[in-house]
Structure formats: structure tokens, C-alpha cells
Amino acid sequence: MDGLGIVAGGGELPRRIAEAAVSDGRPVFIIAFVGHTDAATVAGFPHAWLKLGQTGAALQNLRDAGCGDVVMAGPMRRPSLSSLSLDRRSVAALARAGTRVFGDDGLLSVIVEEIERDGFRVVGVDDLLGGYLASAGILAGSAPGRDEEVDIARGIAVLRALGSADVGQAVVVQEGLVLAVEAIEGTDAMIARAGNLRREGRRPILVKGSKPGQEQRADRPTIGEGTAAAAAAAGFRGIVVEAGATLIVDRGATVRALEDAGLFLVARRFADPA
């Protein structure tokens, strides 16, 4: 059971993991979800297309493929529970979970528990891909100024408060005003919404990080070149991410895109002073 099972959401990250595993001589099997996983993710790899809610089938496919480890990677749009075709395994898991399923991290923790219930070992993206976690420092552009540090502190405080309620991983602040918080729409859609609400004066800042006590194996905060492009298009001043908790996909391309647009990227421990 040395295979790696990849429960794939959208974006490039699931395929990056598959390619890295295969290059190391490890077999992989991808669980792809209709309407969520990109078709390019599974091209050339053993996989199964399933609908959300087919938990029993997903676990059976992973067992049949000889997977011992399972990783969950890539963003996934969360549907309403009433829209899912839940199998017996999913219904039983939700019944055990109770109200935890209403928060994003709570639901992901339930999924992790269900995978482990079948004897698989759930691993994190950072266990498989080295160098993706943001280290503390100024990663692009120049250091934020004093006024910008006020907005950053405000963003971190709001993000921590939201995280305690299991809501969102990102917030946009401009001159002390919270323009937008991330909810079900995802970071890029939130950035676009905040851009429409931008005021005159100092430009907005995106602050992104993990929730207190978050299940890090399932849903680490992530940015990439697309985040940089969205922030630039929305007229932002920069991005601040939580060091040691945030994944940066295509770091070189992301940094170049931010610097070309005149934006900064700073990673810091959110519990630390500026």
C-alpha cells in the first residue's frame, strides 16, 4: 500500500503533487470530482471521476489502487448539503459530525477523520512538495510603510476573529476599513469584489492566513500567480500572508508578477509584532 491517493480540487496543485510523486517512483491515483477538478489534472494518470457525496466509492477506489497515503489538494467550491447526492457513508459521517459541517474547516476535519477511519494516512501538501510554504520576510517589492502596517494589523485581527468562527482565510483592508472578507466565493472573487469597493487614497492590502486550530493537512491558505494578477487588477498595494502556514504555488512567477505590478508580498508570523 505504497501508493499516493490525491483527492483533487481545482487548480494546478493536485497535478504538481502527482508529477512529483511519479518522478520519485511512487504510484498515484487521483479522485476527481465532476464540476470541480480540472480535466488537465488527471490527464495521463490513473483516476476516477466521482460526484461530491460519493464517499464510499472514493475510499474503495483508493483501496483498490493500493494507496496508503492520501492528500487533499486544490480549492473546491462548497455546495449546499441539499444539492448533494449523499451515499450511506456520507450520511453516517455527517450524522456523527453534527454542527461541525457548517464551517469549512469543520467539514474538512470530518472528511479527514472519515479517510483515516478506513486506515489511510492523511498527509499535507507540504509533506510532499518542499519549498511551497512561505518563510518569513519580504518576498516581493519593498517593506510596507507605517500606515500600511496599521492596515495589516487590522487585517490580521479581523482574520483571527473570523477564523475563530470558522469563516474565511482572507480579508481586504484599506485605511482601516474592511472592504471584504472571504466567505464561500473564494479569494479571487473576494479580491474582485473588494476592487469594486476601493476608495480613493491609500491602496488596499490583502491579508491571508490560517484559522486558529485549522486542519493543516486539508486546507492550507494558498496564493499563486493568479492571486497576484487579481490583486493587481483590483488596484491593491500588496499581499501579506502567514509565514509557515501559507502555500505559494509557482513562487518565482508569483513574485515576478507582483513586482512587475508594483505590489509587495510579505510573509510573517501572525502572532509576531510587525
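Structure: see above.
Residues numbered from 1 in each chain as written. Predicted model: local features only at pLDDT ≥ 70, side-chain atom pairs only at ≥ 80, totals over all residues. Heavy atoms only, no water.

Participant: Which parts of the structure should I look at to understand unusual backbone geometry?
Facilitator: What you tend to see is this: most non-glycine residues have negative phi, and most peptide bonds are trans. For E175, which is not glycine, the phi torsion reads 50° and is therefore positive. Examined against the element boundaries, E175 turns out to sit in the loop between strand 7 (170–174) and strand 8 (177–181). A positive phi angle is found at D250, which is not glycine, with a value near 55°. Its location among the elements puts D250 in the loop between strand 12 (247–248) and helix 10 (251–260). (Helix = DSSP H or I, 4+ residues; strand = E, 2+ residues; numbered from the N terminus.)

Participant: Help me out: how do you make sense of the sheet that holds strand 7 in this one?
Facilitator: Spatially, six strands are ordered 6-13-11-9-7-8 in an open sheet, and the strand pairing comes out mixed. Among the strands making up the open sheet, the edge pair consists of strand 6 (137–140) and strand 8. Averaged over all pairs of adjacent strands, the angle between their axes in this sheet comes to 25°, without regard to strand direction. Where strand 7 lies against strand 8, four bridges are found, and the strand directions are antiparallel. Directly across from V173, in strand 8, lies its bridge partner V178. Where helix 8 (residues 187–196) meets the sheet, its contacts fall on strand 7, strand 8 and strand 9 (205–208), and the angle it forms with strand 8 comes to roughly 140°. (Pairing = 2+ DSSP bridges. Axes fitted to C-alpha atoms, helices over the stretch in contact; angles between N-to-C directions. Contact = heavy atoms within 4.5 Å.)

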